[in-house]
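# An overview of the molecular structure
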Amino acid sequence: MLYNRTFNNRWGVEALFPARITARYNASPRSLFFAGYSVDGLNYIVKLREPLRREGAIDLRTLELRETEVKFRGRWEREIYDFLWFGLEGGYRYNYAFDAFDRTNDNRVKIIDSKLAGAPYASLELFIVPPRKFLKKTVDKAPKP
């Protein structure tokens with residue numbers, strides 16, 4: 001379920017339930033703060049060069065790796081120039097699962113059952129956005145209600 005709402009000039013929420021929820025605070029037109037969480041998952045199919053031999057089972061030729069993590073994060077975005085922004089993000093990454101399964105077997109027996117610990121993280125970004133002049137032109141040409 002998608003929920004995106006701006007409550008007033010400063011506060012808003014952006015959510016894609018249950019995978020991502022972010023609260024937004026507009027400190028100024030050029031500085032934004034965010035806080036929330038996201039759930040991310042990835043699947044990888046790995047074909048083995050040599051079959052993995054297991055007692056009492058069919059030789060294993062393909063593994064399915066599944067990763068699921070939850071990120072709790074805070075973020076600050078700031079305009080440097082009209083079209084150039086930077087972002088600073090930090091938080092905690094909790095590893096829910098990073099396991100391998102026998103892809104050819106319907107009962108999905110775990111071949112690897114890992115217990116990875118969570119970890120703090122940080123990132124610094126530089127990104128380009130449409131210039132304000134361009135956005136103003138598109139808004140001015142929009143039909144009036």
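What comes next concerns the included structure.

Rules used in this analysis
Residues numbered from 1 in each chain as written. Predicted model: local features only at pLDDT ≥ 70, side-chain atom pairs only at ≥ 80, totals over all residues. Heavy atoms only, no water. Helix = DSSP H or I, 4+ residues; strand = E, 2+ residues; numbered from the N terminus. Rg over C-alpha atoms; globule rule 2.2 N^0.38 Å. Contact = heavy atoms within 4.5 Å. Areas by Shrake-Rupley, 256 points an atom, 1.4 Å probe, with all protein chains shown as cover. Lys, Arg positive; Asp, Glu negative; His and termini not counted. Charge placed at Lys NZ, Arg CZ, Asp CG, Glu CD. Buried < 20%, exposed > 50% of the residue type's maximum accessible area, 1.4 Å probe, protein only. Phe/Tyr/Trp six-rings, centres within 6.5 Å; stacked < 30°, edge-to-face > 60°. Lys NZ or Arg CZ within 6 Å of the ring centre and 35° of its normal.

### What about the overall build of the protein chain?
Of regular secondary structure, the protein chain possesses one helix and eight strands. The linear arrangement of helices and strands in the protein chain, starting from the amino end, is β-β-β-β-β-β-β-β-α. Relative to the compact-globule value of 15 Å for 145 residues, the protein chain shows a C-alpha radius of gyration of 22 Å, a clear excess of over 25%. In terms of principal-axis extent, the alpha carbons of the protein chain reach across some 70 × 35 × 30 Å. The long-range share in the protein chain, meaning contacts at least 24 apart out of those at least 6 apart in sequence, stands at 49%. By element, 59% of the accessible surface of the protein chain is carried by carbon and sulfur atoms, the whole surface being about 10,800 Å². Of the side chains in the protein chain, 26 bear a positive and 18 a negative charge, and the two mean positions are spaced by 9 Å.

### Regarding the side chain of Ser 38
Positionally, Ser 38 belongs in strand E4 (residues 31–52). With relative accessibility at 5%, the residue Ser 38 sits in the buried group. Beyond its immediate sequence surroundings of up to four residues, Ser 38 is in contact with Ala 19, Arg 20, Glu 69, Val 70, Lys 71 and Arg 73.

### Considerations on unusual backbone geometry
Geometrically, the link from Phe 17 to Pro 18 is a cis peptide bond, its omega value of -10° lying close to zero. Along the chain, Pro 18 falls in the loop between strand E2 (11–16) and strand E3 (20–28).

### Here's the deal with the packing of aromatic side chains
Applying the stated criterion across every chain, the model contains four aromatic pairs. Aromatic pair Phe 33 and Trp 76: ring centres 6.1 Å apart, planes at 10°, arrangement stacked. Residue Phe 33 is located in strand E4, and its partner Trp 76 is located in strand E5 (residues 60–81); the two are separated by 43 residues in the primary sequence. On the basis of relative accessibility, which here comes to 28%, the residue Trp 76 falls in the partly exposed class. With 5.4 Å between their ring centres and 90° between their planes, Tyr 81 and Phe 83 make a pair best called edge-to-face. With a relative accessible area of 53%, Tyr 81 lands in the exposed category. Through successive ring pairs, a cluster of aromatic residues spans Phe 33, Trp 76 and Phe 86. The ring of Phe 101 carries the charged tip of Arg 66 above its face, separated from the ring centre by 4.5 Å. The ring of Tyr 121 has Arg 93 sitting right over it, with the charged end atom 5.1 Å from the ring centre.

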